[in-house]
Amino acid sequence: MPIGAPGSSVEAAICRPYTRYALSDTPNAPVRTFLIADIRGYTRFTEEHGDEASAGLAEKFASLVQAGVEIRGGKLIEIRGDEALAVFDSARQAIRAAIDLQRWFAEHTESDPNLPLRVGIGVDSGEAFRLDDGSFRGAALNVAARLCALAQGGEVIVSEGTTRLAGRVPGVRYVDRGRANLKGIAGTVRLIRVSSEEDQQEQSQPWIVMFFGGPKRMGVGWRIILGVVLIAAATAAAVVYLTSGNGGEPSSGANPKGGTTVTRSETEAVAPASDVKALIPAGLRKTCVQQSVPDAGAVATAVCLPPSGGGGFYPDRWQLSIYPSGDAVRAAYEDLLRSSKIKRNSGKCTSLSWGGEGPWEHGPGKPGGRRFCYFDNDFAVIVWMHERFGQPDHRDVLAIAREGGSDHVRLIGWWSFAHHLIGKVT
């Protein structure tokens, strides 16, 4: 059956566990590393663009994965349209392959936006047997599938065991994402996000790339130009601070608690609190881990997972980021809104309807921020800003929550109380 054909694997859920590869009791199995990659939003892409376009996307994905796996000495075991399974004898090479693939996916998406490759990748290592038909048996396949399901488009999530096997890999950065309970997996698993140190460096200096077109285009005199830019930036910051009288706090016609319309200063440059976890209520931050490397453009990012003991509903994953200013928060929100293809001021985010964007309030006449929601394949996603609006105990922050199984009913129930609290200085 051709890739993308009706009734083929493209209609199945993302990062499905490989249940037929149950753990074998046979001793002395070789340790192997499994990589599972899945295209995010593939079902929606098929619905919006048709079978022919989705087949092209799947074929592009398959060719890149085939090349990336083979270059690093791995073997591609199976392609399921929008999902790929590969095996490696080396954990280190599997990690390098995952990073290579994410870079290639990003480059191809930039060159051809009509075929976007937003791919999540999960990697785990463990004993596994190869059967006569070329398939494998081992619990590591199921763990890799669950890690893949937790990874956002562009992310690589690996298990702690894999990083221990690989050790320090030159040019690769490990970021601890805390522990999580994975469905069908006994105990908790520590999640590690891996990425290229080079990519992180470029993300941390987007304004340099914006002005000079990237490191390769920065000529002999770039240091002089950079010095002028820094001096100008420092001067502008001083002027803003002195003229605002309060460090760049946004001006408003009245306190938002009074119920009047809030306006903003065009020169807003409020530096947020550096401790992002302090903006999360104590009852919600127990499983939150501050990433050593924040999301692109952010000052700090915390990622939160469900507690191991259960006790009420928590999203499969949610995160909070603070940025250099309220303007930067709103710019990041607009970027995510554009990528979701949700129209501004449209639709609803309720237990009955999921797909829309608009403002939210703390109460009548008390603005809180904006939010939008959508389905990302088998995940319900909500993105929101908790804006300061001149209130000293609030911060401009951006948050994202995801829940598997398209369970937007429970997700919106959690968000309805949590978003009022997340973003306030605790």
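Let me begin by describing the structure that accompanies this report. Since we're looking at a predicted model, the values are computed, not measured.

Rules behind the numbers
Residues numbered from 1 in each chain as written. Predicted model: local features only at pLDDT ≥ 70, side-chain atom pairs only at ≥ 80, totals over all residues. Heavy atoms only, no water. Helix = DSSP H or I, 4+ residues; strand = E, 2+ residues; numbered from the N terminus. Areas by Shrake-Rupley, 256 points an atom, 1.4 Å probe, with all protein chains shown as cover. Pairing = 2+ DSSP bridges. Axes fitted to C-alpha atoms, helices over the stretch in contact; angles between N-to-C directions. Core = buried A, V, L, I, M, F, W, Y, C linked by side-chain atoms within 4.5 Å. Buried < 20%, exposed > 50% of the residue type's maximum accessible area, 1.4 Å probe, protein only. Contact = heavy atoms within 4.5 Å. Phe/Tyr/Trp six-rings, centres within 6.5 Å; stacked < 30°, edge-to-face > 60°. Salt bridge = Lys/Arg side-chain N within 4 Å of Asp/Glu carboxyl O. Left-handed = near helix turned anticlockwise from the far one by under 90°. Nonpolar A, V, L, I, M, F, W, Y, C, P; charged D, E, K, R; others polar.

### Quick notes on the overall build of the protein
The secondary structure content of the protein amounts to 10 helices and 17 strands. Taken as a whole, the protein presents about 19600 Å² of accessible surface, with 54% of it coming from carbon and sulfur.

### Let's talk about the sheet that holds strand β15 (residues 366-376)
Within the open sheet, the 8 strands sit side by side as β10-β11-β12-β17-β16-β15-β14-β13. Their pairing is antiparallel. Strand pairing shows two members of the sheet lacking a second neighbour, β10 (288-290) and β13 (346-349), which therefore form its edges. Direction aside, the axes of adjacent strands within the sheet are offset by 25° on average. Of the pairings in the sheet, the one linking strand β11 (residues 300-304) to strand β12 (residues 317-322) comprises 5 bridges and is antiparallel in character. If you follow threonine 301 over to β12, its bridge partner there is serine 321.

### Looking at the nonpolar core
In this structure, Phe61, Phe105, Leu117, Val119 and Ile121 are the most contacted members of the largest nonpolar core, which totals 35 residues. Mapped by element, the contributors of at least two residues to this core are β1 (31-39), α1 (42-49), α2 (51-71), β3 (83-88), α3 (91-111), β4 (119-127), β7 (156-159) and β9 (188-196). Sort the elements by how many residues they give to this core and α3 lands first, with 8 residues. In this view, phenylalanine 105 contacts Phe61, Leu64, Val65, Leu117, Val119 and Ile121; residues no more than four positions away in its chain are not counted.

### Quick word on the environment of alanine 418
Along the chain, alanine 418 falls in helix α10 (residues 408-421). Measuring from C-alpha to C-alpha, the distance between alanine 418 and isoleucine 280 comes to 9.2 Å, with 138 residues separating the pair along the chain.

### Observations regarding the packing of aromatic side chains
The relative placement of two aromatic rings is captured by the distance of their centres and the angle of their planes. Inspection of every chain in the model, using the stated rule, returns 8 aromatic pairs. For the ring pair tyrosine 333 and phenylalanine 372, a centre distance of 5.3 Å and an interplane angle of 70° mean the geometry is edge-to-face. Taken as a pair, tyrosine 333 in helix α9 (residues 326-340) and phenylalanine 372 in strand β15 lie far apart in primary sequence, 39 residues in all. Grouping residues by exposure puts tyrosine 333 and phenylalanine 372 together as buried. Judged by centre distance (6.3 Å) and plane angle (70°), the ring pair of tryptophan 384 and tryptophan 414 falls under edge-to-face.

### A word on unusual backbone geometry
Phi at asparagine 345 takes a positive value of approximately 55°, unusual for a residue other than glycine. Inspection of the secondary structure assignment puts asparagine 345 in the loop between α9 and β13. One non-glycine residue, phenylalanine 389, lies in positive phi territory at about 50°. Here phenylalanine 389 shows up in the loop between β16 (379-386) and β17 (397-404).

### Some points on the pairing of β11
Extensive coverage of β11 is indicated by the burial of 5 of its 5 residues. Direction of pairing for β10 relative to β11: antiparallel, over a ladder of 3 bridges. Paired with valine 289 across the two strands is valine 303, which belongs to β11.

### Quick notes on the pattern of salt bridges
Under the criterion given, the structure shown has 22 salt bridges. Between aspartate 89 and arginine 32 there is a salt bridge; the shortest N-O distance is 3.8 Å. Taken as a pair, aspartate 89 in the loop between β3 and α3 and arginine 32 in strand β1 lie far apart in primary sequence, 57 residues in all. Taking the relative accessible area as the measure of exposure, aspartate 89 reaches 66% and is therefore exposed. Linking arginine 317 and glutamate 155 is a salt bridge whose minimum nitrogen-to-oxygen distance equals 2.8 Å. Pair noted here: arginine 317 is in strand β12 and glutamate 155 is in the loop between α4 (139-150) and β7, with a separation of 162 residues, a long-range link. Judged by relative accessible area, arginine 317 falls into the buried class, the value being 3%. Judged by relative accessible area, glutamate 155 falls into the buried class, the value being 9%.

### Side note on the packing of α2 against α3
Two elements in contact, α2 and α3, have axes separated by 9 Å at closest approach and are oriented at 145°. Note that α2 runs across α3; the crossing there is right-handed. Together, Lys60, Phe61, Leu64, Val65, Ala67, Gly68 and Ile71 of α2 and Ala97, Leu101, Trp104, Phe105, His108 and Thr109 of α3 make up the contact between the two elements. Taken together, the residues that form the contact of α2 with α3 break down as 9 nonpolar, 3 polar and 1 charged.

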